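# Structural overview
The residues making up each chain are set out below.
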Amino acid sequence: MAFSTKALLSFLLLSSTNAFVAFVPSSSSSLKVASPPLLSSYEGDYEQAPTTFRESEVLGLRLMQEGRTEEALQVFQQGMRLPGSRPDVVRTKTLSGPSPVGGSFGGLEGNWVFSLDEFETQAAHYNIACAFARLGNVQESVNNLQLAFQAGFDNYATVRVDPDLQGISGTPEFEDMMSQYERKFPNPFGLFGKK
């Protein structure tokens, strides 16, 4: 199937995977954007609910700065179900007829999906951990920090000094988790103090 250069992207919410999907229609004259129904109950004093992960991250951080931690937590959590910056193509069906690039069958129809990349996943879990820590929920905060670490976040020094995480710093759950992830550097000659 050939697409004209004038064809525009349309965006749809793929509810089964909570991913944002874009597809190129064969004939379209306008750009249609379907906002996800997420955050529809959000009654903040902001113009509209976020439609991308980045928008939710910015709004959540603003709410944290304003001391509106419970609202920030909701925004961060719902932001994980919004489109991120990683594009991918999901093949949906085989097309009949000859392949446009050669071969025995017509090819595959696909949809563009925008999911969270590894840095967005790290940031989302870290921000959720900070919100839970501010709310005094040690276990959920530690669980989300662990998810951030598993996604590749490794700035353990920041975790130790982040004021948002002060509420959990020093708890047994936090210290146990940090001891699993913080790198232990060998002290081969005992030059820098005791082990």
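The structure presented is a predicted model; accordingly, all values stated were derived computationally and were not measured.

What follows concerns the confidence of the model for the chain. With 63% of its residues at a pLDDT of at least 70, the chain reaches an overall mean of 74. The secondary-structure element of the chain with the lowest mean pLDDT is strand β1 (residues 10-14), recorded at 28, while helix α4 (residues 138-150) shows the highest, at 97.

All right, on to the packing of helix α1 (residues 53-65) against helix α2 (residues 69-79) then. Between α1 and α2, whose axes approach to 8 Å, the crossing angle comes to 165°. The angle between α1 and α2 places the two elements in the roughly antiparallel class. For α1 against α2, the interelement crossing comes out left-handed. In contact with Phe53, Ser56, Glu57, Leu59, Gly60, Leu61, Leu63 and Met64 of α1, α2 contributes Thr69, Glu71, Ala72, Val75, Phe76 and Gly79. Among the residues making up the contact of α1 with α2, the classes are represented as 8 nonpolar, 4 polar and 2 charged.

Moving on to the pattern of salt bridges. Across all of its chains, the model carries 7 salt bridges by this definition. A salt bridge links Arg68 to Glu71, with the nearest nitrogen and oxygen atoms 2.8 Å apart. On the basis of relative accessible area, Glu71 is assigned to the partly exposed category, the value being 25%. Between Asp164 and Arg134 there is a salt bridge whose closest N-O contact spans 2.8 Å. Of this pair, Asp164 sits in the loop between α5 (156-161) and α6 (172-181) while Arg134 is found in helix α3 (residues 118-134), placing the two residues 30 residues apart along the sequence. A relative accessible area of 37% places Arg134 in the partly exposed class. One continuous salt-bridge network, built from bridges that share partners, spans Glu66, Arg68 and Glu71.

Grouped together as the largest cluster of nonpolar side chains are 27 residues, with contacts concentrated most on Tyr126, Leu145, Val159, Leu165, Ile168 and Phe174. Secondary structure elements with two or more residues in this core: α1, α2, α3, α4, α5 and α6. With 7 residues, the single largest contributor to this core is α3. Contact partners of Ile168, with chain neighbours within four places excluded, come to Ala133, Val138, Ser141, Val142, Leu145 and Phe174.

Now for the packing of α2 against α3. Interaxial distance between α2 and α3 falls to 9 Å at its minimum, and their mutual angle equals 155°. Considered as vectors, α2 and α3 are oriented roughly antiparallel to each other. With respect to the hand of their crossing, α2 and α3 are arranged in left-handed fashion. Contacts from Thr69, Leu73, Phe76 and Gln77 of α2 reach α3 at Asn127, Ile128, Ala131, Phe132 and Arg134.

Thresholds, definitions, all that
Residues numbered from 1 in each chain as written. Predicted model: local features only at pLDDT ≥ 70, side-chain atom pairs only at ≥ 80, totals over all residues. Heavy atoms only, no water. pLDDT = per-residue confidence, 0-100. Helix = DSSP H or I, 4+ residues; strand = E, 2+ residues; numbered from the N terminus. Axes fitted to C-alpha atoms, helices over the stretch in contact; angles between N-to-C directions. Parallel < 35°, antiparallel > 145°, perpendicular 65-115°, else oblique. Left-handed = near helix turned anticlockwise from the far one by under 90°. Contact = heavy atoms within 4.5 Å. Nonpolar A, V, L, I, M, F, W, Y, C, P; charged D, E, K, R; others polar. Salt bridge = Lys/Arg side-chain N within 4 Å of Asp/Glu carboxyl O. Buried < 20%, exposed > 50% of the residue type's maximum accessible area, 1.4 Å probe, protein only. Core = buried A, V, L, I, M, F, W, Y, C linked by side-chain atoms within 4.5 Å.

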